[in-house]
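Structural overview for review
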Amino acid sequence: RRELVGRKLDRREQAPDPMGIRLKGWLQENLALYRLFKRSDMALWIAARWSPGGQSLWPGLDTALKKQPNPDDERRIRLAAAIIDQIAKEARAAGANPVLLHIPYLAQVYDHIWEKSFGAFSDRYERDLASRRLESIATASELLFVDAWPSMLETSRHSGQWLHYPLDAHPTVCGHAVIATVLAQALADHGLLGPVDRRASAPFRVFRSDC
């Protein structure tokens, strides 16, 4: 809420802090079992079907994939666009050439998770909608948009392996290899990678026997 920066809020203006939020915070801080459950198939299944108080259990992913965003979703999208635009301006002022890279989340990459969760509601969610929304934000801020989602989806389908850690949902070594390959190729295609050894095979490949 950028308009509130520097102001002291009275009780009526402060964001609500229900017991559920405090309990969720305590569980996440203290229990590895909870963190594992939070990324499980069951948790995503519940999140796609249950919205206590009208609030999604996975607001970021819900907003990114929802076909018909509600006012809260639209506010989150506007805020994300404003933050990205500000980062782009500050990066350019510092002499950098910023790029917006989309790294997809679990339900976007793995078919069995998508089908059990958001994919079960094709009238409400689209799997590639996050990519299109981020691309629109990148275009508005004149940023190069690089999408790792298609390559991660294809790699996972072909290899049958996970590219995220199940516990914390960050990319694995192999996941990072896919992301780096996509990013390097995009930078090279747009002349942003610097001098390239033309003896290297194209497109770029990350050689790992375990990926």
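Computed from a prediction, not measured in an experiment: that's the story for all the values here.

Definitions and cut-offs
Residues numbered from 1 in each chain as written. Predicted model: local features only at pLDDT ≥ 70, side-chain atom pairs only at ≥ 80, totals over all residues. Heavy atoms only, no water. Helix = DSSP H or I, 4+ residues; strand = E, 2+ residues; numbered from the N terminus. Expected span 1.5 Å × (residues − 1). Contact = heavy atoms within 4.5 Å. Core = buried A, V, L, I, M, F, W, Y, C linked by side-chain atoms within 4.5 Å. Buried < 20%, exposed > 50% of the residue type's maximum accessible area, 1.4 Å probe, protein only. Patch = residues over 30% accessible without salt bridge, like charges linked within 9 Å, V, L, I, M, F, W, Y side chains within 5 Å. Areas by Shrake-Rupley, 256 points an atom, 1.4 Å probe, with all protein chains shown as cover. Salt bridge = Lys/Arg side-chain N within 4 Å of Asp/Glu carboxyl O. Pairing = 2+ DSSP bridges. Phe/Tyr/Trp six-rings, centres within 6.5 Å; stacked < 30°, edge-to-face > 60°. Polar contact = N/O pair within 3.5 Å; in protein donor to acceptor, adjacent residues only side chain to side chain. Axes fitted to C-alpha atoms, helices over the stretch in contact; angles between N-to-C directions. Parallel < 35°, antiparallel > 145°, perpendicular 65-115°, else oblique. Left-handed = near helix turned anticlockwise from the far one by under 90°. Nonpolar A, V, L, I, M, F, W, Y, C, P; charged D, E, K, R; others polar.

Topic: helix α8 (residues 129–140)
With twelve residues, α8 ought to run about 16 Å at 1.5 Å a step, and its terminal C-alpha atoms sit 17 Å apart, in line with that. Elements that come into contact with the buried residues of α8 comprise α4 (59–65), α5 (71–93), β1 (99–102), α6 (106–109), β2 (144–147) and α9 (149–159).

Considerations on the nonpolar core
With 20 residues, the main nonpolar core has Leu65, Phe118 and Met152 as its most contacted residues. Setting aside residues up to four positions removed in sequence, Leu65 forms contacts with Gln108, Trp114, Phe118, Arg124, Tyr125, Glu126, Arg127, Leu129, Ala130 and Arg133. Listed in part, the seven residues of the second largest apolar core include Ile84, Ala88, Leu100 and Ile137.

Concerning a nonpolar patch on the surface
A surface patch of nonpolar side chains, amounting to about 250 Å² of accessible area, comprises Leu79, Ile83 and Ile87. With respect to the helices and strands, the residue Ile87 is situated in helix α5. A residue is classified by how much of its surface remains accessible, and Ile87, at 52% relative accessible area, is exposed.

Notes on the pattern of salt bridges
One pass over the structure, following the stated rule, counts eight salt bridges. Across the salt bridge formed by Lys66 and Asp73, the nearest N and O atoms sit 2.9 Å from each other. This pair shows no difference in class: Lys66 is buried, exactly as Asp73 is. Of the charged contacts, one joins Asp85 and Lys89 as a salt bridge, the two residues approaching to 3.1 Å between their closest N and O atoms. In this pair, Asp85 and Lys89 are both assigned in helix α5, four residues apart and thus about one turn of the helix distant. Take Asp85: its relative accessible area is 22%, and that puts it in the partly exposed class. It is possible to trace a salt-bridge network through shared partners that takes in Asp62, Lys66, Asp73 and Arg76.

Section: the pairing of β2
Side chains of β2 alternate between two faces, with Leu144 and Val146 and Phe145 and Asp147 buried alike. One ladder, built from four bridges, connects β1 with β2; its direction is parallel. Looking at β2, one finds that Val99 is bridged to Leu144.

Side note on the packing of aromatic side chains
For the coordinates displayed, the defined rule picks out two aromatic pairs. A centroid spacing of 4.4 Å and a plane angle of 10 degrees characterise the contact between Tyr110 and Trp162, whose relative ring orientation is stacked. Of the two residues, Tyr110 is situated in the loop between α6 and α7 (111–116) and Trp162 in the loop between α9 and α10 (173–189); the sequence distance between them amounts to 52 residues. Classification of Trp162 as partly exposed rests on a relative accessible area of 28%. With centroids separated by 4.9 Å and ring planes inclined at 80 degrees, the aromatic side chains of Phe118 and Tyr125 adopt a geometry described as edge-to-face. Phe118 sits in the buried class, given a relative accessible area of 0%.

With respect to the side chain of Gln108
In this structure, Gln108 sits in helix α6. At a separation of 3.5 Å, a polar atom in the side chain of Gln108 contacts the side chain of His102. Setting aside anything within four residues of it in sequence, one finds Gln108 in contact with Leu61, Leu65, His102, Arg127, Ala130, Trp149 and Leu153.

Quick notes on the packing of α9 against α10
Axis separation between α9 and α10 bottoms out at 9 Å; the angle between their running directions is 135 degrees. Taken together, the axis directions place α9 and α10 in an arrangement best described as oblique. Both α9 and α10 take part in a crossing whose hand is right-handed. Residues Ser151, Met152 and Thr155 of α9 lie in contact with α10, whose contacting residues are Gly175, Val178, Ile179 and Val182. Here the residues of the contact of α9 with α10 are counted per class, giving four nonpolar, three polar and no charged.

Some remarks on the environment of Pro59
Locating Pro59 in the fold gives a position in helix α4. Exposure remark for Pro59: the relative accessible area of 31% places this residue in the partly exposed category. Between the C-alpha atom of Pro59 and that of Asp72, which follows or precedes it by 13 residues, the distance is 9.4 Å.

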